[in-house]
Amino acid sequence: MAQWTSAVGAAQLARLLTSQQDRPAGPGSKRPPAYRALADGIRLLVLEGRVPVAARLPAERELALALSVSRTTVAAACEALRAEGFLESRRGAGSWTAVPAGNPLPARGLEPLPPEALGSMIDLGCAALPAPEPWLTRAVRGALEELPPYAHTHGDYPAGLPALRSTIADRYTARGIPTMPEQIMVTTGAMGAIDAICHLFAGRGERIAVESPSYANILQLMREVGARLVPVAMAEGLAGWDMDRWRQVLRDAAPRIAYVVADFHNPTGALADDDQRRRLVDAARSAGTVLVADETMSELWLDPDIEMPRPVCAFDPAGSTVVTVGSASKAFWAGMRIGWVRAAPDVIRSLVAARAYADLGTPVLEQLAVNWLFGTGGWEQAVDLRRTQARENRDALVTAVRRELPEWEFAVPRGGLTLWVRTGGLSGSRLAEVGERVGVRVPSGPRFGVDGAFEGYVRLPFTVGGAVAEEAAARLGAAARLVESGASGGGDAVRPFVA
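Residues numbered from 1 in each chain as written. Predicted model: local features only at pLDDT ≥ 70, side-chain atom pairs only at ≥ 80, totals over all residues. Heavy atoms only, no water.

Novice: I tried to follow the nonpolar core on my own but got confused; where do I start?
Specialist: Judged by nonpolar contacts, the single largest core of 54 residues is most densely connected at Trp-246, Leu-291 and Phe-332. It is helix H13 (residues 364–376) that provides the largest number of residues to this core, a total of six residues. Filtering out sequence-adjacent residues up to four positions away, Leu-291 remains in contact with Ala-258, Val-260, Leu-280, Val-281, Ala-284, Val-312, Thr-321, Val-322 and Val-323. Ranked by size, the runner-up nonpolar core spans 37 residues in total, among them Ile-122, Ala-400, Leu-405 and Val-464. (Core = buried A, V, L, I, M, F, W, Y, C linked by side-chain atoms within 4.5 Å. Buried < 20%, exposed > 50% of the residue type's maximum accessible area, 1.4 Å probe, protein only. Helix = DSSP H or I, 4+ residues; strand = E, 2+ residues; numbered from the N terminus. Contact = heavy atoms within 4.5 Å.)

Listed below in structure tokens is the structure:
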């Protein structure tokens, strides 16, 4: 019986490998042999999760043809990977990817480090901050006081607690978008909301238009539901959305869903203006596309003089085209797994009906905690604390990276939690790999793209400040020098960095 559970085609693997471009070698530096470079490239794809573990690789002859190299080169690379534990083979069954014994399985999304690893590793992988105390503790205490009446019920509320649905609807109304509780469904975080939306609107094989780059975990979620992703390139810097390109893609590809983060886009930090939002809604309506607007970053404006545009759903108040997703996870705390969907009542009814076969509902205690925050003014005070913390972290990280890595390029966003950095020609995948070994965890650009795009980027979140931000930048600088010198291959070339 074959040990592989999926397969990667020769053309797809060739695209992923071709995207891994390093800075040209300097004088006196040596390029590895072709087989070694190929083996390193496949190993990186496995370590990053962009090629799954237990994925069957194409035949050697087929891969050699796709890469325009000799079959001998491919055979030697496969032999090296087998020797290192990254490839297993059996006569008649082919070869499939693996990880050496004792190595953790690579993640295909962006997960936080386990707590036991935090003492030795600076984690820039997860764009999430610690809870804004004392507001978390106060919210939980307030929720416990409200809990007794609910304890006498079955506790399953597929659409969410009526009190919280009403409060969220009132908050949209206060923003100038009249909303009824029937237009709200409470979910288990924004991921739960988007998962439900994808399953309702986009069956296997359906097209979903996504920004390029976009949020890695959402891209992976959409791949898992079997969607065909249609990337729409973002403009350089913070310019954001090219509306002519969006209109053309929506017209020509006719995607069932378009997913956008118009408020401090993850990962670039761009903020769509009113005109871009209006034109995007108009284009989606004309194409018959459901526009999913992710508002998880909308309250994280960091500069006090910024003027926030109207919500995307303000240009479609009835919810016939725009489905809005919100969450407490970024603005308050990632451990508060409360999200919500705003849409037309018939869409909400369909989402609620489909939910019976998924998670049935969201934890009551956490819903009560968020409702307490909304109802007491605690939310505004907690989010203001969050903005101050993120602003200080952003400024410290920007200063440190500019000092340690002056050749890296980025535009400083005015909100959100992430910095999108062009790495001066270095491979983001190799920086991520070497960074782990020198004590800093950073996600590479290709995690935020489709089929190997953005190899020359990394994403840096505003999760550390002060001396930790300076140390993180120093470790990134050490990783960059090792990658540039060619010391980023396998083996023991890179020693752990001790602060």
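Novice: What am I meant to see in the side chain of Glu-455 here?
Specialist: When you line up the elements, Glu-455 lands in the loop between strand S14 (440–441) and strand S15 (457–461). At a separation of 2.8 Å, a polar atom in the side chain of Glu-455 contacts the main-chain amide nitrogen of Ser-429. (Polar contact = N/O pair within 3.5 Å; in protein donor to acceptor, adjacent residues only side chain to side chain.)

Novice: Looking at this model, I keep getting lost on unusual backbone geometry. Mind explaining?
Specialist: The omega torsion across Glu-133 and Pro-134 is 10°, close enough to zero to call that bond cis. Structurally, the position occupied by Pro-134 is in the loop between strand S5 (122–123) and helix H5 (135–146). Of the consecutive residues Asn-266 and Pro-267, the connecting peptide bond is found in the cis state with omega at 25°. Its place among the elements puts Pro-267 in the loop between strand S9 (257–260) and helix H11 (274–287).

Novice: I would appreciate a short explanation of the sheet that holds strand S11 (residues 322–327) in the present structure.
Specialist: Think of a sheet as strands paired side by side through backbone hydrogen bonds, with each pair either parallel or antiparallel. Strand order in the open sheet formed by seven strands is S6-S12-S11-S10-S9-S7-S8, with mixed pairing between adjacent strands. This sheet does not close on itself; its edge strands, each paired only once, are strand S6 (184–187) and strand S8 (228–233). For this sheet, the mean inter-axis angle between neighbouring strands, taken without regard to orientation, is 20°. For strand S7 (residues 207–212) and S9, the ladder comprises three bridges, and the chain directions are parallel. (Pairing = 2+ DSSP bridges. Axes fitted to C-alpha atoms, helices over the stretch in contact; angles between N-to-C directions.)

Novice: How should I be thinking about the pattern of salt bridges in this particular structure?
Specialist: Once their charged atoms are close, side chains differing in charge can pair, the charge on each being opposite to the other. Applying the stated criterion to the full structure yields 29 salt bridges. Between Glu-380 and Arg-171 there is a salt bridge whose closest N-O contact spans 3.3 Å. With Glu-380 in helix H14 (residues 378–404) and Arg-171 in helix H7 (residues 162–174), the pair connects residues that are 209 residues apart, well separated along the chain. Asp-282 is paired through a salt bridge with Arg-285; the nearest N and O atoms lie 3.2 Å apart. One end of the pair is Asp-282 and the other is Arg-285, both in helix H11 and three residues apart, which spans about a single turn. Of the residues examined, Asp-282 reaches a relative accessible area of 32% and is grouped as partly exposed. (Salt bridge = Lys/Arg side-chain N within 4 Å of Asp/Glu carboxyl O.)

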